[in-house]
Amino acid sequence: MRATVIHAPGDIRVENRPEPEITAPTDAVIRTVATCVCGSDLWSYRGVMPVDEPQPIGHEYVGVVEEVGSEVSGVEPGQFVIGSFVASDNTCPVCRAGYHTSCQHAEWVTGCQAEYVRVPLSEGTLVAVPEQPTEELIPSLLALSDVMGTGWYAAKAAGVRPGATAVVVGDGAVGLCAVIAAKELGAERVIAMSRHESRQKLAREFGATDIITERGDEGVARVKELTDGTGADAVLECVGTQQSMQQALRSTRPGGNVGFVGMPHDVRIDGQELFFSHVGLRGGPAPVRACLPDLIHRVLSGRIDPGRVFDLTLPLDEVAEGYKAMDERRAIKTLLHP
């Protein structure tokens, strides 16, 4: 099969690799209908995360089940499925509490920018769509495998409630999906922080009521100005840098909450500052599996259309251009057709 392999920073190739096989009775193999490039993939592409040897890459996928292991009964060949980037059994105490990415038997699902993917713990990881989706729905269903689920978790972790004022830090695919989530959860005011006109436009179409272009202390000051000096009830941090985290914490009112889903890189939090701020902080890898049934329903019913974050669609053979376009901020998110 054809699969994407990263060899070194900036070096993305499509290579022929062996098709995945069932190696455990709880596995499934799916034929990938669509996959994509994630903003977190760019950490390796840019050399922030080390690449010591060539390795398959990608963790977002939708597809059709080709084969299942002997212990799998919840999904079957021919079904169109969506799964999380972390495989989970969906039965352990942590999963039952809603934190599937910390499942006691968790396994990372990787190598998904490929024609076929082996999914471990498939019965607990994959969710079948009720019927074969139309071509138009596939981008939005693909978004659920990570960015929409991650944006949703950011809003939940930040405690977004009806009538709240929410701030979204980050205008990538996750940040834009976080705008959708905040709006869906009832926020009366959604403030998106963005410097890019095309992303500002999409944020407004997704439900943002205000746009802030400033960053750092100036960005915090603008949030305070828009909230009569108080700060936001909920702040959704979707970047993962020191500046974005500080901006999120300092934009939150006392008693408010920050939901952080940006993969932290060199982030340091001042414990004393946090202590006296009375700001709550919760985050981590989004437990996408927990919200998949709900989000699938919202997509199929037309309530949300997160697939609009894909502004570049390419065949798998041109994946290197997809990475380059996102790295140069010429694209928000690249969808790939194997």
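Residues numbered from 1 in each chain as written. Predicted model: local features only at pLDDT ≥ 70, side-chain atom pairs only at ≥ 80, totals over all residues. Heavy atoms only, no water.

- As recorded in an unreviewed UniProt entry, the protein goes by the name Zinc-dependent alcohol dehydrogenase family protein, listed as coming from Streptomyces coeruleofuscus.
- Regarding the protein, the relevant UniProt record gives this comment under Cofactor (unreviewed entry): "Zn(2+)".
- The protein has a UniProt comment under Sequence similarities (unreviewed entry) that states "Belongs to the zinc-containing alcohol dehydrogenase family." (UniProt positions renumbered as here; feature names shortened; annotations may be inferred.)

### Focus: the UniProt feature "domain: Enoyl reductase (ER)" (unreviewed entry) in the protein
No. 1: The UniProt entry lists residues 7-336 under the feature "domain: Enoyl reductase (ER)" (unreviewed entry), expressed in the numbering used here.
No. 2: Measuring from the first to the last C-alpha atom of residues 7-336 gives 19 Å, for a span that is 31% helix and 25% strand. (Helix = DSSP H or I, 4+ residues; strand = E, 2+ residues; numbered from the N terminus.)

### So, the sheet that holds strand E4 (residues 55-56)
No. 1: Taking strand neighbours across the sheet as the criterion, the three strands line up as E2-E1-E4 in an open arrangement whose pairing is antiparallel. Looking along the sheet, the strands with just one partner apiece sit at the ends: strand E2 (11-16) and E4.
No. 2: With six bridges connecting them, strand E1 (residues 2-8) and E2 associate as antiparallel partners. Paired with Val5 across the two strands is Arg13, which belongs to E2. (Pairing = 2+ DSSP bridges.)

### Digging into helix H8 (residues 216-226)
No. 1: Considered for burial, the residues of H8 that qualify are Gly216, Gly219, Val220, Val223 and Leu226. The buried side chains of H8 occupy one side of the element, clustering within an arc of 125 degrees when seen end-on. Residues Asp217, Glu218 and Glu225 are exposed on H8 and point more than 90 degrees away from its buried face.
No. 2: Trailing H8 by a residue or two, Asp228 shows a phi angle of about 55 degrees, which is positive. (Buried < 20%, exposed > 50% of the residue type's maximum accessible area, 1.4 Å probe, protein only. Arc of directions from axis to C-beta.)

### Quick notes on the sheet that holds strand E16 (residues 280-283)
No. 1: The six strands lie next to each other as E13-E12-E11-E14-E15-E16, forming an open sheet whose pairing is parallel. In the strand order of this sheet, the two ends are held by strand E13 (210-212) and E16, each with one partner. Averaged over all adjacent pairs, the angle separating strand axes in this sheet is 20 degrees, with direction ignored.
No. 2: Relative to strand E15 (residues 252-260), strand E14 (residues 232-237) is paired through five bridges, and the arrangement is parallel. By the bridge assignment for E15, Glu237 is matched with Phe260. (Axes fitted to C-alpha atoms, helices over the stretch in contact; angles between N-to-C directions.)

### Observations regarding helix H12 (residues 319-327)
No. 1: Of the positions making up H12, those classed as buried are Val319, Gly322, Tyr323, Ala325 and Met326. Seen along its axis, H12 keeps its buried residues to an arc of 165 degrees; they face one direction.
No. 2: In the core, the buried residues of H12 are packed alongside E1, E2, helix H1 (41-45), strand E17 (312-315) and strand E18 (334-337).
No. 3: At the exit of H12 stands Arg329, carrying a positive phi of roughly 60 degrees. (Contact = heavy atoms within 4.5 Å.)

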